[in-house]
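Close look at the chain arrangement
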Amino acid sequence: MIAQQTLHTRVTSLLSQAGWNRRPQPNTGLMTKRYSSAIGVRTAYIYLGWLAEDRSSGYLQAEYQCAGRNLLSSINALVASTMTDEDLVSVVGRFVVEVDTAVAMSRAANRMTT
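In this text the structure is predicted, and so the values were computed from the model without any measurement.

**Some thoughts on the pattern of salt bridges**
Here the structure, examined in full by the defined rule, presents two salt bridges. Note that Arg 10 and Asp 85 form a salt bridge whose closest N and O atoms lie 2.6 Å from each other. In this pair, Arg 10 sits in helix α1 (residues 4–17) while Asp 85 sits in helix α2 (residues 85–113), placing the two residues 75 residues apart along the sequence. What makes Arg 10 partly exposed here is its relative accessible area of 24%. Between Asp 100 and Lys 33 there is a salt bridge, and its shortest N-O distance comes to 3.2 Å. In this pair, Asp 100 is assigned in helix α2 and Lys 33 in strand β2 (residues 31–37), connecting sequence segments 67 residues apart.

**A closer look at the nonpolar core**
By size, the foremost hydrophobic cluster in this structure holds 29 residues, and its most contacted members are Leu 15, Trp 20, Leu 60 and Val 79. Listed by contribution, the elements that provide at least two residues to this core are α1, β2, β3 (40–50), β4 (57–63), β7 (76–80) and α2. If near-sequence neighbours (up to four positions away) are discounted, Leu 60 is found in contact with Val 11, Leu 15, Ile 46, Tyr 47, Leu 48, Ile 75, Asn 76, Ala 77, Val 79, Val 92 and Phe 95.

**A look at the pairing of β2**
A large share of β2 lies buried, amounting to five of its seven residues. One ladder, built from seven bridges, connects β2 with β3; its direction is antiparallel. For Arg 34, the partnering residue across the bridge sits in β3 and is Thr 43. Hairpin connection between β2 and β3: a loop of two residues separates the two successive antiparallel strands.

**What about the sheet that holds β4?**
Spatially, the five strands line up as an open sheet ordered β1-β2-β3-β4-β7, and their pairing is antiparallel. Each end of this open sheet is capped by a strand with a single partner; those strands are β1 (21–22) and β7. As judged from the two bridges shared by β1 and β2, these two strands associate in the antiparallel manner. Pairing of Arg 22 across the sheet is with Met 31, part of β2.

Analysis parameters
- Residues numbered from 1 in each chain as written.
- Predicted model: local features only at pLDDT ≥ 70, side-chain atom pairs only at ≥ 80, totals over all residues.
- Heavy atoms only, no water.
- Salt bridge = Lys/Arg side-chain N within 4 Å of Asp/Glu carboxyl O.
- Helix = DSSP H or I, 4+ residues; strand = E, 2+ residues; numbered from the N terminus.
- Buried < 20%, exposed > 50% of the residue type's maximum accessible area, 1.4 Å probe, protein only.
- Core = buried A, V, L, I, M, F, W, Y, C linked by side-chain atoms within 4.5 Å.
- Contact = heavy atoms within 4.5 Å.
- Pairing = 2+ DSSP bridges.

If you want it as structure tokens, here you go:
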């Protein structure tokens, strides 16, 4: 079980280890990652929204704008302080792989059409 006050810290640490960068400004995304695309460098954002007032559980969601829509809108993951560290590592890891795969697929599709 992860202490409630460290859930945010642990999630950001795992995302950082996966190549994501912390955002110092509030309300602009928890983490960012830059990807090269056919039209230049684009930024993806990961947000951590809270489901409980005590911040004991939340969800990760991602945003990557392409052709006027968020390609990552269907990718999310639940995180909770009741998870073991091993489970949290697994959930965050799967989330990051899904995000990277979706972005890579969009880049491949863009290269095929240009």
